Amino acid sequence: MQYVDKQKKVLANSLVSNALWTFLWLALTLIVFVCLVKLSIWQYNRGFEKELRTARITQLNQQSPLTLNEIVKLSKEEQFIGKESINDFPVTITGQFNEKYIFLLDNQVEKYSLGYRVLQVVETPTHAVLVNLGWVQGSIDRSILPEVSPLHGQYKFQGHVRIVEQGIMLTEQDFTKASWPLRVQQIELDKFATLINKPLLPFVIYVDPAETLGHKKNWHPIVMPAEKHFGYAFQWATLAIAWLILMISLRIKTHKSTRSQQSKSAASLPDRQATNIDTHADTDNKTLTNSLNNMNKIKAIKHG
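Here the structure is a predicted model, which is why all the values come from computation and not from measurement.

Examining the side chain of Arg117
And step 1. Among the secondary structure elements, Arg117 is positioned in strand β3 (residues 113-123).
And step 2. As a buried residue without a salt bridge, Arg117 has its nearest oppositely charged side chain in Glu110, at a separation of 6.4 Å.
And step 3. A distance of 3.3 Å separates the side chain of Arg117 from the side chain of Gln108, its partner in a polar contact.
And step 4. Setting aside anything within four residues of it in sequence, one finds Arg117 in contact with Phe103, Leu104, Leu105, Gln108, Asn132, Gly134, Trp135, Asn218 and Trp219.

Examining the environment of Gln173
And step 1. Mapped onto the secondary structure, Gln173 falls in the loop between β5 (153-162) and β6 (182-184).
And step 2. With residues up to four places along the chain from it excluded, the contact list for Gln173 reads Val184, Gln185, Gln186, Glu188 and Lys191.

Quick word on unusual backbone geometry
And step 1. Here Trp180 and Pro181 are connected by a cis peptide whose omega angle stands at 0°.
And step 2. Its place among the elements puts Pro181 in the loop between β5 and β6.
And step 3. With a phi close to 80°, Asp88 is a non-glycine residue in the positive phi region.
And step 4. Structurally, Asp88 is set in the loop between α2 (68-78) and β2 (90-110).
And step 5. Although it is not a glycine, Tyr112 adopts a positive phi angle of roughly 70°.
And step 6. Of note, Tyr112 is situated in the loop between β2 and β3.

Details of the packing of aromatic side chains
And step 1. Scanning the entire structure with this criterion turns up seven aromatic pairs.
And step 2. Centre to centre, the rings of Tyr101 and Trp180 are 4.9 Å apart; their planes meet at 70°, and the pair counts as edge-to-face. Residue Tyr101 is located in strand β2, and its partner Trp180 is located in the loop between β5 and β6; the two are separated by 79 residues in the primary sequence.
And step 3. Given the relative accessible area of 16%, Tyr101 is considered buried.
And step 4. What makes Trp180 partly exposed here is its relative accessible area of 32%.

Scoring rules and cut-offs
- Residues numbered from 1 in each chain as written.
- Predicted model: local features only at pLDDT ≥ 70, side-chain atom pairs only at ≥ 80, totals over all residues.
- Heavy atoms only, no water.
- Helix = DSSP H or I, 4+ residues; strand = E, 2+ residues; numbered from the N terminus.
- Buried < 20%, exposed > 50% of the residue type's maximum accessible area, 1.4 Å probe, protein only.
- Lys, Arg positive; Asp, Glu negative; His and termini not counted.
- Salt bridge = Lys/Arg side-chain N within 4 Å of Asp/Glu carboxyl O.
- Polar contact = N/O pair within 3.5 Å; in protein donor to acceptor, adjacent residues only side chain to side chain.
- Contact = heavy atoms within 4.5 Å.
- Phe/Tyr/Trp six-rings, centres within 6.5 Å; stacked < 30°, edge-to-face > 60°.

Structure follows, in structure tokens:
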């Protein structure tokens, strides 16, 4: 009986272990699968957004450039929200470059070379706006800044409006001890306006590549094309399907192995029970035979 109880406990523990493994397998499979599918959908949506923006840029470039005042008026009247704004609009500016302040945007790469983007403020009779003049080579020695000659005087040039997208910064930029030219890690127009004591428009003007003023104009309105995003979306979707197939195959294999072990245990249980019963029966028969022999011996002694 003890053996039977032990076997029952083993089977019960096996069932509990199997149920726990099934739960963990299902949770892990679903979590990873959902994450991969979400990444695929996110990349697809990014590709779709890039397609729309590319078509929008093409359409805007076919139009005549607006003046800076017209851009400001348009942004106020239309009340654009988010990325669907005055971003990418062509613009013509006639204004005076402020030669006192030069901003050097750090960590800008051009063909594996590290450098800076040079930014200066252009002032018109009604507004002041930050202008991106292009890229310059940086020094291997981080303490040495490139020698940049500021533009001064009045210029008329064309460019495109770019809405500043704030990235992730590990530490806040501190401009309490600013020296010019000023190296910056990110464009923060509010802080820049405080430094120059003049309000800045909430966007940056990128000088058109056809213009001669400024430095190397290596920017692209869309860094990663839509095709790449769609390719990444396909890769994530393929990984999701491959993960699902792998986990289902692993589960089927594990399930078959568990069922085989349980079948062997169940098959061996009746045989052992029968062996125990036969052993007990033989013991009882021997005991009864010995008792009868003893009784016969006692009778023989009495009659003798």
